[in-house]
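Here's the letter readout for the chains.
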Amino acid sequence: MLWISTRCLRDSPLEVALESLGSLTRGVEIIDGGMHRIPSVSLLESFPYRYSLRIPSLDINPASIHEPVRQAAVAVITERFTFAAEINAEVIINPGFTTSISEFATARRQLQRSVQDLLHAADQYGVSFLIRNPGRWHNYLLRTPEDLAMISQVPLALDIGHAHVNGCLPQFLQDGASRYCYLYDCKGLSEEHLEVNQGTIPFRSVATAIIENGAQGVVDVPTYRGADNSIRALRGFGVG
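Note that this is a predicted model, so its numbers are computed, not measured. (Residues numbered from 1 in each chain as written. Predicted model: local features only at pLDDT ≥ 70, side-chain atom pairs only at ≥ 80, totals over all residues. Heavy atoms only, no water.)

Engineer: Lay out the pairing of strand 4 (residues 90-93) in plain terms, naming residues and giving numbers.
Structural biologist: Side chains of strand 4 alternate between two faces, with E90 and I92 and V91 and I93 buried alike. Where strand 3 (residues 50-54) lies against strand 4, 3 bridges are found, and the strand directions are parallel. Pairing of R54 across the sheet is with I92, part of strand 4. In this view, the connection linking strand 3 to its parallel neighbour strand 4 by way of helix 3 (residues 67-87) has right-handed handedness. Across 3 bridges, strand 4 lies against strand 5 (residues 129-132) in parallel orientation. Bridged to I93 within strand 5 is I131. In this fold, strand 4 hands off to helix 4 (residues 104-125), which returns the chain to strand 5; that crossover is right-handed. (Buried < 20%, exposed > 50% of the residue type's maximum accessible area, 1.4 Å probe, protein only. Helix = DSSP H or I, 4+ residues; strand = E, 2+ residues; numbered from the N terminus. Pairing = 2+ DSSP bridges. Right-handed = clockwise from strand over helix to strand, strands pointing away.)

Engineer: Account for unusual backbone geometry, naming residues and giving values.
Structural biologist: Its identity as a non-glycine residue notwithstanding, N88 has a phi of 55 degrees, on the positive side. Take N88: it is sitting in the loop between helix 3 and strand 4. Unusually for a residue other than glycine, N197 sits at a positive phi of about 80 degrees. In this fold, N197 is placed in the loop between strand 7 (180-183) and helix 7 (203-213).

Engineer: Which residues make up the pairing of strand 8 (residues 216-219), and what values do they have?
Structural biologist: Burial along strand 8 is two-sided: the face carrying Q216 and V218 and the face carrying G217 and V219 are both buried. Direction of pairing for strand 1 (residues 3-5) relative to strand 8: parallel, over a ladder of 2 bridges. By the bridge assignment, W3 is partnered in strand 8 with V218. For the segment spanning strand 7, helix 7 and strand 8, crossover handedness is right-handed.

Engineer: Can you tell me about the sheet that holds strand 8, naming the residues and giving the values?
Structural biologist: Reading around the barrel, the 8 strands line up as 1-2-3-4-5-6-7-8 and close back on themselves, with parallel pairing between neighbours. Neighbouring strand axes in the sheet, compared pairwise and without regard to direction, differ in orientation by 25 degrees on average. Set on the sheet, helix 4 makes contact with strand 4 and strand 5; between it and strand 5 the angle comes to about 150 degrees. The strands touched by helix 8 (residues 224-236) within the sheet are strand 1, strand 7 and strand 8, with strand 8 carrying the most contacts at an inclination of about 145 degrees. (Axes fitted to C-alpha atoms, helices over the stretch in contact; angles between N-to-C directions. Contact = heavy atoms within 4.5 Å.)

Engineer: Tell me about the nonpolar core, residues and numbers included.
Structural biologist: By size, the foremost hydrophobic cluster in this structure holds 84 residues, and its most contacted members are L18, Y51, F81, F129, I151 and V206. In this structure, I151 is in contact with L111, V115, I131 and L142, ignoring residues within four places of it in sequence. (Core = buried A, V, L, I, M, F, W, Y, C linked by side-chain atoms within 4.5 Å.)

Engineer: How would you summarise the environment of R109 if you had to cite specific residues and measurements?
Structural biologist: As for its position among the elements, R109 is in helix 4. When the C-alpha atoms of R109 and S64 are compared, they prove to be 9.6 Å apart, with 45 residues separating the residues in sequence.

Engineer: Which residues make up the side chain of E90, and what values go with them?
Structural biologist: Summarising the element assignment, E90 is placed in strand 4. Among the polar contacts listed, one links the side chain of E90 to the side chain of R179, at a separation of 2.9 Å. Filtering out sequence-adjacent residues up to four positions away, E90 remains in contact with Y51, S52, L53, S128, L130, R179 and Y180. (Polar contact = N/O pair within 3.5 Å; in protein donor to acceptor, adjacent residues only side chain to side chain.)

Engineer: Provide a residue-level description of the packing of helix 3 against helix 4, including the pertinent values.
Structural biologist: In the contact formed by helix 3 and helix 4, the axes pass within 10 Å of each other and the chain directions differ by 25 degrees. The orientation of helix 3 relative to helix 4 falls into the category roughly parallel. Both helix 3 and helix 4 take part in a crossing whose hand is right-handed. Each of E67, R70, V74, I77, T78, F81, T82 and A85 in helix 3 lies in contact with helix 4, whose residues at this interface are Q110, R113, S114, D117, L118, A121, A122 and Y125. For the contact of helix 3 with helix 4, the residue count by class is 8 nonpolar, 4 polar and 4 charged. (Parallel < 35°, antiparallel > 145°, perpendicular 65-115°, else oblique. Left-handed = near helix turned anticlockwise from the far one by under 90°. Nonpolar A, V, L, I, M, F, W, Y, C, P; charged D, E, K, R; others polar.)

Engineer: Let's hear about the environment of Q124: which residues, and what values?
Structural biologist: Position of Q124 among the secondary structure elements: in helix 4. Judged by its relative accessible area of 59%, Q124 is exposed. A sequence separation of 36 residues divides Q124 from I160, and the C-alpha atoms of the two residues are 31 Å apart.

Engineer: Tell me about the pattern of salt bridges, and name the residues and values.
Structural biologist: Pairs can form between side chains of opposite charge once their charged atoms are near each other. Within the structure shown, the criterion is met by 11 salt bridges. D220 serves as the salt-bridge partner of R54, at 3.1 Å between the closest nitrogen and oxygen. With R54 in strand 3 and D220 in the loop between strand 8 and helix 8, the pair connects residues that are 166 residues apart, well separated along the chain. The class of R54 is buried, set by a relative accessible area of 4%. A cluster of three or more residues bridged by salt bridges with shared partners is formed by R7, E29, R54 and D220. (Salt bridge = Lys/Arg side-chain N within 4 Å of Asp/Glu carboxyl O.)

Right under this line is the structure:
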């Protein structure tokens, strides 16, 4: 079964988005921010879905070189673990960033500290989390497979578009062995979330990796129609 991110209905209230997605899937990833910030577990329990939760990337930085900010990021993520535990959902987080390339080594150490803190919290709540590879912004951590050692104890949520624009999708498909994949298309270095088969990503290779790894595919496009079209296209590759 292919899952769908609530990105495709990001301008609709969460309840409306969940009602609308029922005709396409029974697996929903909620981007837990903006219109889709989760108000209560009871709303989610009123729908017949399996869920995952994605933590927004820009205002939560587990790699911050400022220790109080790093600790605050860990606290916010841990608070969402409590929701995830009640609905048996995995949580997807972003690795964070630094404002200066010269501080990358410190940011890496901070991310590793956050990973250890979050592993402890996840164990307490009985949940699991994954870390998603970011796009082309050079200040982000975990842009290439060489950085996977930073999160060796945590599974990778592979964003194939981000890997593609960073020029390392084949290596990620080979080395990442990801069990959770964001699926959309893009052209060249553009990070547009195009529907599948509208860009330049080699989806036959992606499909092979998904099938071999038994990965959970999450369609992550900006429109409902694009999500529907992407599901149809992916089925043509034998996925879903």
